[in-house]
Amino acid sequence: MLPNIGARESIARHHASRCGNGTVVDCFAGVGGNSIQFAFKSNHVIAIDIDSQRIDYAQHNAAIYGVSDKIDFINADFFQIAHCLKGDSVFLSPPWGGPDYAKVQKYDMETMLKPHTGSFLFKIASKMAPKVVMFLPRNVDLNQLAELALSATPPWSLEVERNFLNGKLKAITAYFENTAK
Ligand code: ADP
């Protein structure tokens with residue numbers, strides 16, 4: 001087992017149970033913790049990461065879990081290729097901008113997410129699929145999430161979920177859906 005894959009596995013399994021069985025695009029796939037769980041539940045996963053070593057680890061980990069045939073790995077900058085990608089769900093676990101996220105009372109997606117703002121990320125992702133799932137810091141500004149849902153035409157639905165591990169609030173997952181489709 002390679003580093004980082006264990007700690008978030010139970011949350012990843014939960015995310016997979018919520019993303020359906022169609023094509024899931026995992027835009028910041030890292031070493032594959034989420035993509036592997038998506039592969040257990042869905043027909044097809046597209047796993048993207050800008051770091052070629054992480055893609056290598058992700059491929060290695062997918063082979064250990066026996067799901068390589070379900071995942072297409074792409075070593076690229078997500079923002080460069082997003083316009084070519086379509087799926088049934090888009091999963092975003094974007095860089096939170098380092099450990100400083102925990103030092104502020106409210107995490108501001110418009111200034112702290114890297115390398116682009118939350119609204120830019122949502123705009124791009126919402127063109128790729130009717131369902132967008134964002135994994136975010138536990139102190140993310142919930143009003144900003146609501147504003148993202150309302151920024152779509154027509155507005156998308158939003159469900160906010162608090163993710164606990166061993167009784168500790170770890171993160172927030174936002175599920176956006178185009179209910180008009
Ligand atoms: P870490 O998991 O080390 O904290 P980050 O949170 O900075 O890393 O980034 C999460 C993952 O997203 C990493 O695997 C990183 O390589 C990847 N990543 C960062 N920027 C991009 C991008 N523009 N396109 C695709 N993947 C990216």
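Residues numbered from 1 in each chain as written. Predicted model: local features only at pLDDT ≥ 70, side-chain atom pairs only at ≥ 80, totals over all residues. Heavy atoms only, no water.

J.: Now, about the packing of helix H1 (residues 9-18) against helix H2 (residues 33-41): what can you tell me, with residues and values included?
T.: Contact pair H1 / H2: the axes reach a minimum separation of 8 Å and the direction vectors enclose 40°. As summarised for this structure, H1 and H2 are arranged oblique, according to the angle between their axes. The interaxial crossing formed by H1 with H2 has right-handed handedness. Contacts between H1 and H2 involve Glu9, Ala12, Arg13, His15, Ala16 and Ser17 from the first element and Gly33, Asn34, Gln37, Phe38 and Lys41 from the second. Split into classes, the residues belonging to the contact of H1 with H2 amount to three nonpolar, five polar and three charged. (Axes fitted to C-alpha atoms, helices over the stretch in contact; angles between N-to-C directions. Helix = DSSP H or I, 4+ residues; strand = E, 2+ residues; numbered from the N terminus. Parallel < 35°, antiparallel > 145°, perpendicular 65-115°, else oblique. Left-handed = near helix turned anticlockwise from the far one by under 90°. Contact = heavy atoms within 4.5 Å. Nonpolar A, V, L, I, M, F, W, Y, C, P; charged D, E, K, R; others polar.)

J.: Break down the site of the ligand for me, with residues and values.
T.: Every residue close to the ligand is listed here: Cys27, Phe28, Gly30, Asp49, Ile50, Asp51, Arg54, Ala76, Asp77, Phe78, Phe79 and Pro95. With respect to the ligand, the side chain of Asp77 contributes an N or O atom lying 2.9 Å from a nitrogen atom. Contacts to the ligand include Phe78, whose backbone N or O atom sits 2.9 Å from a nitrogen atom. In isolation the ligand offers 560 Å² of accessible surface; the protein chains occlude 67% of this area. Classifying every residue of the shell around the ligand by side-chain character gives seven nonpolar, one polar and four charged. (Near = heavy atom within 4 Å. Polar contact = N/O pair within 3.5 Å; in protein donor to acceptor, adjacent residues only side chain to side chain. Areas by Shrake-Rupley, 256 points an atom, 1.4 Å probe, with all protein chains shown as cover.)

J.: Please give an account of the pairing of strand S2 (residues 44-49) that cites residues and values.
T.: Counting buried positions along S2 gives five out of six residues, so the element sits mostly inside the fold. Looking at chain direction, strand S1 (residues 23-26) and S2 are connected through four bridges and run parallel. Across the sheet, residue Val24 finds its bridge partner in S2, namely Val45. Note that the unit made of S1, H2 and S2 has a crossover that is right-handed. Pairing of S2 with strand S3 (residues 71-75), which is carried by five bridges, proceeds in the parallel orientation. Looking at the pairing, Ile48 lines up with Ile74 of S3. (Buried < 20%, exposed > 50% of the residue type's maximum accessible area, 1.4 Å probe, protein only. Pairing = 2+ DSSP bridges. Right-handed = clockwise from strand over helix to strand, strands pointing away.)

J.: Break down the pattern of salt bridges for me, citing the residues and quoting the values.
T.: Under the defined criterion, the tally for this structure stands at five salt bridges. Arg18 is the partner of Glu161 in a salt bridge, and the nearest nitrogen-oxygen pair spans 3.3 Å. One end of the pair, Glu161, is in strand S6 (residues 157-165); the other, Arg18, is in helix H1, and 143 residues separate them in sequence. Judged by relative accessible area, Glu161 falls into the buried class, the value being 12%. Among the salt bridges present, the one from Asp100 reaches Lys103, with a minimum N-O distance of 2.8 Å. Here the salt bridges do not stand alone but share partners, grouping Arg18, Glu159 and Glu161 into one network. (Salt bridge = Lys/Arg side-chain N within 4 Å of Asp/Glu carboxyl O.)

J.: An account of the side chain of Thr173 is needed here, citing residue identities and associated values.
T.: Relative to the helices and strands, Thr173 is located in strand S7 (residues 168-177). In terms of polar contacts, Thr173 uses its side chain to reach the side chain of His15, at 2.8 Å. When near neighbours in sequence (up to four residues on either side) are disregarded, Thr173 contacts His15, Val133, Met134, Phe135, Glu159, Val160, Glu161 and Asn163.

J.: Before we move on, could you go through the confidence of the model for the protein chain and cite the residues and values that matter?
T.: Of all residues in the protein chain, 96% attain a pLDDT of 70 or more, and the chain-wide mean is 94. Note that residues 1-5 has pLDDT below 50 and, in this model, eleven contacts with residues that lie over four places away or in other chains. (pLDDT = per-residue confidence, 0-100.)

J.: Explain the environment of Gln59 to me, and be specific about the residues and the numbers.
T.: On the secondary structure map, Gln59 appears in helix H3 (residues 52-64). Taking relative accessible area as the criterion, Gln59 reaches 35% and is therefore assigned partly exposed. Taking the C-alpha atoms as reference, Gln59 lies 34 Å from Trp156; in sequence the two are 97 residues apart. Beyond its immediate stretch of four places on either side in the chain, Gln59 contacts Ser68 and Phe73.

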